[in-house]
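Structure assessment
For reference, the chains in residue letters:
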Amino acid sequence: MATDRAECSRIAESVEALLPALERFNRFEAPDRSGSGRQMWSAALDQPLPQRGEGLDSVLSALEQTIIPNGLRSGAPGFSGWVTTAPTTAGVAAMLASSVAGAQRYWVQAFNALETLALQWLIELLDLGSGLQGLFLSGGSVANLIGLGAARQYAGERVGCDPSRDGLPPDRRWRVYASSEVHHCVFRAAGVLGIGRQNVERIDVDDELRVLPGALERALERDARAGVAPIAIVASAGTVNTGAVDPISDLARIAAERGIWLHVDGAYGLFGRLDPRIAHLFEGVERAQSIAVDPHKWLAAPPGCGAAFVRDRALLERAFTMEPADYAEGAMVTEVRSTFDSPGDASYHQLGVEMSARPRGVTVWAILKEIGAEGLRERIVRHNDFARHVAMRAGTDPRLEALHEPTLSICCFRYRPNGASEVQIDRLNADIAQRLREEGIVPSTTRVRGTFAIRPCFINPRTMRADVDGLVDRVCALGDALAPVTR
Ligand SMILES: *Cc1c(COP(=O)(O)O)cnc(C)c1O
């Protein structure tokens, strides 16, 4: 028996004990009191550090009674906030299996092999092109950091320096170019990489909120004359705000003409390529040097699962390799006879910023094995249809206004009473959104060209057409009730 009294052998019993509470949670029937009941559950949980352990049963009972019922309902049917949802069953099962039987992504073992296989499946599914090294990581923010870190290495090496070893040379200014709608994690990545947040230039967009290639070319020419060195052009393959897809093949051409790195942020939207109606928008991705995608978004993998792909593995390794360490050198073997004789299919710790990490590929493998490319395509087409349905309803109801044509599965819209000022309309829609959340209907909100909008983003596999209509109906009813002026 373990001397610290930690229980290692009651896994089946413990999981079984939690299952009824999890099933109850997943039916989403009881009213959600996580927000309004915060004082109650936080008082129950906010205990001092136990000096004497309370034992496993006490942990299970707190999980069952207090924590699970007050969890996050991002998977409830109709939930359409941000770009997030809860995992489906196959991903949950795979995650549980890996927690127990494959806690790390390394060494010669089945979970490690699935890491490689799932990356290959994603390349094929999304038609990313050949010669890519993939890497699972915690999400889109880190995937963008890795892509831009590789771009930084490339840009430095082109002028004869090694940014990974020496940092970026201070004798010139460096710049990243992206649309004004680019995800905010790109600015942070530039900060972390020493490029500087203010050296991410926001290029103007067209009426559909896609970057203007002409404006990009003008910025590049201006900078070339001024001696500012380019690090990367970032193409957004589905912006987080409205789902706009930049003209990727134009950006690929501009990047190739000038020898600049093209990075595609497809964290949310690249899965949209499966919808045959819009697949052509993604042409050019196969010419990008690096690509970010987020299986924990549209694929509904358990959160904590992003993927980065870089075409030049050796360069990626130069950018992110770790210093050699005696303890990590391995056993100098020529033939693998033990699981631990080799790091496995890829030395993932040399390719990113994490070392110990769970095997995320198993969840992606499980989901794709369960539903296949066809199943995912159906989901994506259905979700894109939902956004078009919202736009159609907003276009035919005089009280509503869609703020853009949907490209993917987002449709930003608002309730617009006659005779109210813009400030009043923004306020009204913010009030509507808060009432909706209170009722358990959760789109998120944003601003489109400065205008406050209700922003459903459909990636939740449980959402049905009736939920979509329910959202629009409630916006109308709440707008009618709360509008500041009579129509
Ligand atoms: C979600 C998202 C990110 C950030 O990804 P995380 O997984 O939340 O870190 C980056 N870019 C786009 C376009 C996104 O939708």
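Structure: see above.
Definitions and limits used
- Residues numbered from 1 in each chain as written.
- Predicted model: local features only at pLDDT ≥ 70, side-chain atom pairs only at ≥ 80, totals over all residues.
- Heavy atoms only, no water.
- Axes fitted to C-alpha atoms, helices over the stretch in contact; angles between N-to-C directions.
- Helix = DSSP H or I, 4+ residues; strand = E, 2+ residues; numbered from the N terminus.
- Parallel < 35°, antiparallel > 145°, perpendicular 65-115°, else oblique.
- Contact = heavy atoms within 4.5 Å.
- Nonpolar A, V, L, I, M, F, W, Y, C, P; charged D, E, K, R; others polar.
- Buried < 20%, exposed > 50% of the residue type's maximum accessible area, 1.4 Å probe, protein only.
- Pairing = 2+ DSSP bridges.
- Right-handed = clockwise from strand over helix to strand, strands pointing away.
- Core = buried A, V, L, I, M, F, W, Y, C linked by side-chain atoms within 4.5 Å.
- Polar contact = N/O pair within 3.5 Å; in protein donor to acceptor, adjacent residues only side chain to side chain.
- Patch = residues over 30% accessible without salt bridge, like charges linked within 9 Å, V, L, I, M, F, W, Y side chains within 5 Å.
- Areas by Shrake-Rupley, 256 points an atom, 1.4 Å probe, with all protein chains shown as cover.
- Salt bridge = Lys/Arg side-chain N within 4 Å of Asp/Glu carboxyl O.
- Near = heavy atom within 4 Å.
- Left-handed = near helix turned anticlockwise from the far one by under 90°.

1. Section: the packing of helix H6 (residues 140-158) against helix H11 (residues 313-320)
Contact pair H6 / H11: the axes reach a minimum separation of 9 Å and the direction vectors enclose 95°. Judged by the angle between their axes, H6 and H11 are roughly perpendicular. Residues Leu145, Ile146, Gly149, Ala150, Gln153, Tyr154 and Glu157 of H6 lie in contact with H11, whose contacting residues are Leu315, Leu316, Arg318, Ala319 and Phe320. In the contact of H6 with H11, the residues fall into eight nonpolar, two polar and two charged.

2. Considerations on the pairing of strand S4 (residues 229-236)
Burial of S4 is extensive: seven of the eight residues sit out of reach of the surface. Summarising the sheet, strand S2 (residues 174-179) and S4 pair through four bridges and their orientation is parallel. Along S4, the bridge assignment pairs Arg175 with Pro230. Relative to strand S5 (residues 261-266), S4 is paired through five bridges, and the arrangement is parallel. Within S5, the residue paired with Ile233 across the bridge is Leu262. Between S4 and its parallel partner S5, the chain crosses via helix H10 (residues 248-258), and the hand of that crossover is right-handed.

3. With respect to the nonpolar core
The biggest cluster of nonpolar side chains holds 99 residues, and the ones touching the most others in it are Leu122, Ile291 and Phe309. Sort the elements by how many residues they give to this core and H6 lands first, with eight residues. Beyond its immediate sequence surroundings of up to four residues, Ile291 is in contact with Leu128, Leu132, His263, Val264, Leu270, Val285, Ala307, Ala308, Phe309 and Arg311. In terms of nonpolar packing, the next biggest core, distinct from the first, is built from 21 residues, Leu400, Cys411, Tyr415 and Leu471 among them.

4. Quick notes on the environment of Glu221
By the element assignment, Glu221 lies in helix H9 (residues 213-226). Overall, the relative accessible area of 39% leaves Glu221 in the partly exposed class. Sequence-wise, Glu221 and Gly450 are 229 residues apart; in three dimensions their C-alpha atoms are separated by 29 Å. Separated by 3.1 Å, the side chains of Glu221 and Arg258 make a polar contact.

5. Thoughts on the sheet that holds strand S3 (residues 200-203)
Read from one edge to the other, the open sheet built from seven strands follows the order S1-S7-S6-S5-S4-S2-S3, with strand pairing classed as mixed. In this open sheet, the two edge strands, each paired with only one partner strand, are strand S1 (133-137) and S3. Going across the sheet, the axis of each strand differs from the next one's by a mean of 20°, ignoring polarity.

6. Thoughts on a nonpolar patch on the surface
Together, Ile11, Leu96 and Val100 line one region of the surface with nonpolar side chains, adding up to about 250 Å² of accessible area. Along the chain, Leu96 turns up in helix H4 (residues 89-101).

7. Here's the deal with the side chain of Glu181
With respect to the helices, strands and loops of the structure, Glu181 is situated in the loop between S2 and helix H8 (185-192). Not counting chain neighbours up to four residues away, the residues in contact with Glu181 comprise Val205, Leu209, Thr239 and Asn241.

8. Looking at the site of the ligand
Residues in close proximity to the ligand total 14 residues, the closest being Gly140, Ser141, Asp265, Asp294 and Lys297. Asp294 is positioned such that a nitrogen or oxygen atom in its side chain is 2.7 Å from an oxygen atom of the ligand. In the model, an oxygen atom of the ligand is placed 2.8 Å from a nitrogen or oxygen of the His296 side chain. Here the ligand loses 85% of its free accessible area of 380 Å² to cover by the protein chains.

9. With respect to the side chain of His389
Structurally, the position occupied by His389 is in helix H12 (residues 361-396). Discounting residues that sit within four places of it in the chain, His389 has contacts with Arg465, Val468 and Asp469.

10. Some words on the pattern of salt bridges
It is possible for side chains bearing opposite charge to pair when their charged atoms get close. Under the criterion given, the structure shown has 35 salt bridges. For Asp275, the salt bridge identified is with Arg277, shortest N-O distance 2.8 Å. Since its relative accessible area comes to 1%, Asp275 is described here as buried. For Arg277, a relative accessible area of 41% puts it in the partly exposed group. For Arg416, the salt bridge goes to Glu401, with nearest N and O atoms at 3.4 Å. With Arg416 in the loop between strand S9 (413-415) and helix H13 (422-438) and Glu401 in strand S8 (residues 400-402), this pair connects stretches of sequence that are 15 residues apart. With a relative accessible area of 36%, Arg416 lands in the partly exposed category. If you follow the salt bridges from partner to partner, you end up with Glu217, Glu221, Arg253, Glu257 and Arg258 in one network.

11. Remarks on the packing of H6 against H8
At a minimum axis distance of 9 Å, the contact between H6 and H8 shows a crossing angle of 50°. As the angle between them shows, H6 and H8 are arranged oblique. Seen along the crossing, H6 lies across H8 with a hand that is right-handed. Mapping the contact onto sequence places Gly140, Ser141, Asn144, Leu145 and Leu148 in H6 and Cys185, Val186, Arg188, Ala189 and Val192 in H8.

12. Describing the pairing of S3
Here four bridges tie S2 to S3, and the two strands are oriented parallel to one another. Within S3, the residue paired with Ser179 across the bridge is Ile203.

Such coordinate-based values are descriptive only and should not be taken to indicate function.
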